[in-house]
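If you want the building blocks of each chain, they are given just below.
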Amino acid sequence: QYGGPFHYKDNSSVWQDIDLNIKTQIGQKFKYMSIENRFESKFGENFKDGVKIKYKNNEISIGQNPTINAGIWKPTLFDTTNTRLNENSISYKNIYKGVDQKYEVSKDAVTHQIQFDDSSVFAGISSKYVEISENINLPENAILFDSIGIIGTKRITKGIIYVVVNNDTIFLFAPSIMWDA
């Protein structure tokens, strides 16, 4: 294997090998976790709970209560999801009928994907735009920056969004990417 890092400091400041595999912990709201890394990732048993990511004693929550709509159109909500673990990834199948949500843990990031199974998901849509939204909770005293500067008001962002706490970049959001298979 090439590249790094290969180790992280645990809570006792002892160097440990990184293990990206997502493991199950019974009896927790965030039942799935990858904590043997430079940052901790905890995934909700229910997809609506999202993901908690902890780095340098700062925590961010992403993916909470995802919604998809286009004007008055909304995809069919599925009440039963099927959660699948595969080493360093977790998939919530059918968060809406034919829509899956997937997260993948690497040494540097948690990537977040929403996958539409096929075009039938969009049956009945009349708008040319689809809005995907979710709740995100930032650390206390966080400041957001992008390539234009501080994000202090509602505006279109440009490029990577940096989450800064006490003059230290703690998290970042890469621009959204969409593709058609």
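Figured I'd write up the structure that's included with this text.

Observations regarding the packing of aromatic side chains
Part 1 of the reasoning: Counted according to the given criterion, the structure contains 4 aromatic pairs.
Part 2 of the reasoning: Between the aromatic rings of tryptophan 73 and phenylalanine 122, the centroid separation amounts to 6.0 Å while the plane-to-plane angle is 35°, which identifies the pairing as tilted. You can see tryptophan 73 sitting in the loop between β7 (58-69) and β8 (82-86) and its partner phenylalanine 122 sitting in the loop between β11 (110-116) and β12 (131-137), a full 49 residues away along the chain.
Part 3 of the reasoning: Taking 6.4 Å as the distance between ring centres and 85° as the angle between the ring planes, the aromatic pair formed by tyrosine 92 and tyrosine 103 counts as edge-to-face. On the criterion of sequence distance, the pair formed by tyrosine 92 in strand β9 (residues 89-96) and tyrosine 103 in strand β10 (residues 99-105) is long-range, its members being 11 residues apart.
Part 4 of the reasoning: Its relative accessible area of 1% is what places tyrosine 92 among the buried residues.
Part 5 of the reasoning: For tyrosine 103, a relative accessible area of 1% corresponds to the buried category.
Part 6 of the reasoning: Of the aromatic side chains, those joined through ring pairs into one cluster are Phe43, Tyr92 and Tyr103.

Calculation criteria
- Residues numbered from 1 in each chain as written.
- Predicted model: local features only at pLDDT ≥ 70, side-chain atom pairs only at ≥ 80, totals over all residues.
- Heavy atoms only, no water.
- Phe/Tyr/Trp six-rings, centres within 6.5 Å; stacked < 30°, edge-to-face > 60°.
- Helix = DSSP H or I, 4+ residues; strand = E, 2+ residues; numbered from the N terminus.
- Buried < 20%, exposed > 50% of the residue type's maximum accessible area, 1.4 Å probe, protein only.

Keep in mind these numbers describe shape, not what the thing actually does.
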